[in-house]
Amino acid sequence: MAREELAGLYRALEVEYGGGGSAAVRSEARGMLQTVQERPELAFHAATLILSASEEQPAFAVVFGLSCLEKLATARWNELGEGEKGAVRARAIEAASRTSAAEASFVRNKKAALVAQVALREFPQRWPGMVEELVSSAAGEDGALELSFLALAELAEECTDADYNGRLPAKRRTDVLKGLNASAAALLSELFAFVRRAYAARSSAESRRLGARRLVAGLRCLRHFATWTSWESEELRAVGTDPIELAAFLAANGELGLEDEADGEVCVAALAAFKALASSAHLDAAAALKVARATPRFCEALYNKGAARTASFWAALAAAVNDVFRELCGALARLSKQRADPEVDEAMAALLLAAVGVLEASASRKAAEAMLPLWRDASRLAAQRKLLGAVSRGCVRSLAPRVLDRYAHHACCQ
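Only a predicted model underlies this, so the values are computations on that prediction, with no experimental measurement involved. (Residues numbered from 1 in each chain as written. Predicted model: local features only at pLDDT ≥ 70, side-chain atom pairs only at ≥ 80, totals over all residues. Heavy atoms only, no water.)

### A closer look at the packing of helix H17 (residues 342-361) against helix H19 (residues 372-384)
Where H17 contacts H19, the axes come no closer than 11 Å and their chain directions differ by 145°. The chirality of how H17 crosses H19 is left-handed. Residues Leu352, Ala355, Val356 and Leu359 of H17 lie in contact with H19, whose contacting residues are Leu374, Trp375 and Ala378. Partitioning the contact of H17 with H19 into residue classes produces seven nonpolar, no polar and no charged. (Axes fitted to C-alpha atoms, helices over the stretch in contact; angles between N-to-C directions. Helix = DSSP H or I, 4+ residues; strand = E, 2+ residues; numbered from the N terminus. Left-handed = near helix turned anticlockwise from the far one by under 90°. Contact = heavy atoms within 4.5 Å. Nonpolar A, V, L, I, M, F, W, Y, C, P; charged D, E, K, R; others polar.)

In C-alpha cells form, the structure reads like this:
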C-alpha cells in the first residue's frame, strides 16, 4: 500500500512541478498536495513515505516531504501531542543524516532549516540531547556532519541575528543559547576536527571544491557561535584549537592559493568568523592582542596571493579590517585600557599599517568607503590620547598624508 501511495504522490508532484497536464489535472494535483500539507496526519505520513524510502528519491519529492515536516514544526506544532512531536524530531534527524556529497544545496539547506525550526521549539527543555543526537547521527560521516553544522548555525543565527531574533521571545532565545553553550566544548571539538579534515581534503583537485563547501559550512557555524560563546572557560580552552588563529589562517585560504571562486568563498566565510570573534563580549586582553596581530598577517598573505585584483573581494577585506579595528577599540575601552600595553600598542600600530596597505592596494572606491570609519576613529582617538598608545598615535600621524592622498585619488579619478 505504501508503494501505491508513494506513486500517487509522485504523480501529483510531477504534475505540480513539471508543468504537465491540463489545467484541470494541475488543479487536482495542487489540491491533493495542499490537502496533504494541511492535515497533520497526512503530512507526517507523506513525509515518512518519502524521507524513509529505501531508494534515493528525486529532489522535488524530498523537498515536499521536508515541507510537510516544516509545516508541522511551525504552523501545527501546538496541535501535536508529545509523541507526535517526538516523531517529527526523529524524522528531522533521520533526514539530516541521509545526505550525500552530490545532494543539491537547496535540499541540504532545507534539511538544516527543518532541524533548526524543531530545535527552536524543543531545545533544550524537551530535547536536551539535541546536539549530541545530531552529531552522533552523522556517525562520523563528514557529509552528514556538514549538514549538522549548517543546522546548528541556522539555530544560533535565529537567536542572535537582529534580522531573525525579533520572531522569538527574548527568554526563548536565552534558553536556546544557554543550551548550546552547555554543549559548546564537545560541539566545537567536533567542529574544529571537521574543519581540519575539510582543509586537508582540498589537497587533491577532485575534492577541492567539496572541501571548500564544507569549510564554508564549518566557518559559518563558528561565526554564529563566536559572539556569545564563553571562550575563556576551562572546558573550551581544553579543546586545544584557538578559534582566532584558525579563522585568521583560513582568511587567507591557509597555505593554498586563490585559484577559483570556491577559494574566495572560504576566505570570505573565514573573515566573517574572524570579525565575529573580534566582536565577542568574552574577548579578553590576550585574545584582543591575538586579533590585532593576526590581521596584518592575513592581509599580507592575501595581497601576495593576488587577491587585490578582485575588487569585490578586496572590498570585503577592507570592510573586515575596518570592523576589526573598531571592535578592538571597543574591547580596549571595555577592558578599561585607558593606555594601551606596549604589546597591544605595537600590534595596533601594525594593524594600522596593514589597513593603509589595504587602502593603497584597492582599485575601487568601495573598499576606501568601507574603511572611512576606521580612519575617523583612529584620528579621533589619537587626538584624544585615549586607548591608542604612543606608537599607534605616531603611526596615525605618519600615515595621515598617505590616507588623504588615497582618498583624494578616489575622489578625483572615480
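### Focus: the packing of helix H14 (residues 261-278) against helix H15 (residues 285-304)
One way to put it is that H14 packs onto H15 with a least axis distance of 12 Å and a crossing angle of 165°. Classified by the interaxial angle, the pair formed by H14 and H15 is roughly antiparallel. Note on packing geometry: the crossing formed by H14 with H15 is left-handed. Listed contacts from H15 to Cys267, Leu271, Phe274 and Ala278 of H14 are Val291, Ala294, Thr295, Phe298 and Leu302. When its residues are assigned to classes, the contact of H14 with H15 shows eight nonpolar, one polar and no charged. (Parallel < 35°, antiparallel > 145°, perpendicular 65-115°, else oblique.)

### Here's the deal with H14
Here H14 contains 18 residues, and its C-alpha end-to-end distance of 26 Å stays within 8% of the 26 Å for a straight helix at 1.5 Å per residue. Burial within H14 is extensive, with 13 of its 18 residues counted as buried. Its side-chain oxygen at 3.1 Å from the backbone nitrogen of Ala262, Asp260 defines the N-terminal cap of H14. (Expected span 1.5 Å × (residues − 1). Buried < 20%, exposed > 50% of the residue type's maximum accessible area, 1.4 Å probe, protein only. Polar contact = N/O pair within 3.5 Å; in protein donor to acceptor, adjacent residues only side chain to side chain.)

### Examining the pattern of salt bridges
Counted under the stated rule, the structure contains 32 salt bridges. Here Glu146 and Arg214 are joined by a salt bridge, their closest N and O atoms 3.4 Å apart. Linking Glu146 in helix H8 (residues 142-160) with Arg214 in helix H11 (residues 208-226), this pair joins segments that are 68 residues apart in sequence. Across this residue pair, the class does not change: Glu146 and Arg214 are buried. The partner of Arg220 in a salt bridge is Glu157, and the shortest N-O contact between them spans 2.7 Å. With Arg220 in helix H11 and Glu157 in helix H8, the pair connects residues that are 63 residues apart, well separated along the chain. Overall, the relative accessible area of 23% leaves Arg220 in the partly exposed class. Looking at Glu157, the relative accessible area reads 10%, which means it is buried. (Salt bridge = Lys/Arg side-chain N within 4 Å of Asp/Glu carboxyl O.)

### Things to note about the nonpolar core
Side chains of nonpolar character tend, in soluble globular proteins, to be buried together. Ranked by size, the top nonpolar core spans 152 residues in total, and within it Met130, Leu152, Leu180, Phe298, Met371 and Trp375 carry the most contacts. The biggest single contributor to this core is helix H16 (residues 311-334), with 13 residues. Beyond its immediate sequence surroundings of up to four residues, Met130 is in contact with Ala119, Phe123, Leu152, Leu155 and Leu180. (Core = buried A, V, L, I, M, F, W, Y, C linked by side-chain atoms within 4.5 Å.)

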